[in-house]
Amino acid sequence: MRADLERILSLAVTERRLRDHPNWKTAPEAAWEEHGEAVEALYAELYRQIDVRTANGEPLKVPPKPPAPRKELEKRVMAALKAELPGMVRSIIDAA
């Protein structure tokens, strides 16, 4: 398992290095191709490891999907409005 993790991390480091490489400004087509190959290699390794684990009958723990940031923001805004709105309405009525 340790070697698998090392392989993924190595591919991820390569992808990150190519993503931030200055070639994007000077040779974007070459940078796109190199970066694309790195991303494909990373995903191929991830899929390979999934296939190996599921072929061996090992269950994969999939974490629950976190709430979308927009939904979370909407919930917080609505909670704040519900908490503050009565006071705001009272202030407006008292000022009239």
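Residue numbers here run from 1 along each chain, matching the order of that chain's written sequence. Only residues with pLDDT of at least 70 are given local features in this predicted model, and only at 80 or more are side-chain atom pairs given and counted; all residues enter the totals for whole chains, interfaces and linings. As a rule here, side-chain values cover all heavy atoms of the structure and leave hydrogens and water aside.

The subject of this paragraph is the overall build of the chain. Across its full length, the chain carries four helices and zero strands. Put simply, the chain runs from its N terminus to its C terminus through helices and strands in the order α-α-α-α. As a reference, a globule follows 2.2 Å times the number of residues to the power 0.38, and the radius of gyration itself is taken over C-alpha atoms. In terms of overall dimensions, the chain is more spread out than a globule: its C-alpha atoms have a radius of gyration of 25 Å, far above the 12 Å expected for 96 residues. For the chain, the spread of C-alpha atoms along the three principal axes comes to 70 × 50 × 20 Å. Buried residues in the chain amount to 10% of all 96 residues. Put simply, DSSP H or I for four residues or longer makes a helix, DSSP E for two residues or longer makes a strand, and each gets a number counted from the N terminus. Working definition: with a 1.4 Å probe on protein chains only, accessible area under 20% of the residue-type maximum means buried, over 50% means exposed, and in between means partly exposed.

Patch rule: a residue counts if its relative accessible area is over 30% and it has no salt bridge; like charges are joined within 9 Å, and nonpolar side chains (Val, Leu, Ile, Met, Phe, Trp, Tyr) within 5 Å. The Shrake-Rupley method, run with a 1.4 Å probe, gives the accessible areas here. Residue values count only the displayed protein chains as cover. Here, a salt bridge means any Lys or Arg side-chain nitrogen found within 4 Å of an Asp or Glu carboxyl oxygen. There is a patch of nonpolar side chains on the surface, built from Tyr43, Leu46, Tyr47, Ile50, Leu60 and Val62 and spanning about 580 Å² of accessible area. Judged by its relative accessible area of 44%, Tyr43 falls in the partly exposed class.

Once that is clear, we can look at helix H1 (residues 2-19). Working rule for helices: expected span equals 1.5 Å times residues minus one. Between its terminal C-alpha atoms H1 stretches 26 Å, which fits the 26 Å expected from 18 residues at 1.5 Å a residue. Contacts are residue-level and defined by heavy atoms, with any inter-residue pair within 4.5 Å sufficient. Buried residues along H1 sit against helix H2 (23-26) and helix H3 (28-55).

For the rest of this paragraph, the subject is the side chain of Glu15. Within the fold, Glu15 resides in helix H1. Of the side chains with opposite charge, Arg19 comes closest to the buried, unpaired Glu15, at an N-O distance of 4.2 Å. If near-sequence neighbours (up to four positions away) are discounted, Glu15 is found in contact with His35, Ala38 and Val39. This count recognises Lys and Arg as positive and Asp and Glu as negative, with His and chain-terminal groups excluded.

Another point: the packing of aromatic side chains. Side-chain rings of Phe, Tyr and Trp (the six-membered ring for Trp) are treated as a pair once their centres are within 6.5 Å; stacked means planes under 30 degrees apart, edge-to-face means over 60, and tilted covers the remaining angles. Counting across every chain of the model gives two aromatic pairs. Seen from their ring centres, Trp24 and Trp32 are 6.2 Å apart, and the 85° between their planes marks the pair as edge-to-face. By relative accessible area, Trp32 is classed as exposed at 63%. Relative to Tyr47, the ring of Tyr43 lies with its centre 6.0 Å away and its plane at 45°, an arrangement referred to as tilted. On the criterion of helical spacing, the pair formed by Tyr43 and Tyr47 is a turn pair, its members being four residues apart in helix H3.

With that settled, consider the pattern of salt bridges. Enumeration over the complete set of coordinates arrives at seven salt bridges. Salt-bridge contacts for Asp20 lead to Arg19; the nearest nitrogen and oxygen are separated by 3.5 Å. Asp20 sits in the exposed class, given a relative accessible area of 52%. Among the salt bridges present, the one from Arg53 reaches Glu58, with a minimum N-O distance of 3.2 Å. For Arg53, a relative accessible area of 27% gives the class partly exposed.

Okay, a negative patch on the surface next. A surface patch of like charges, here negative, comprises Glu33, Glu34, Glu37 and Glu40. Overall, the relative accessible area of 49% leaves Glu37 in the partly exposed class. Just so you know, the charge point we use is NZ for Lys, CZ for Arg, CG for Asp and CD for Glu.

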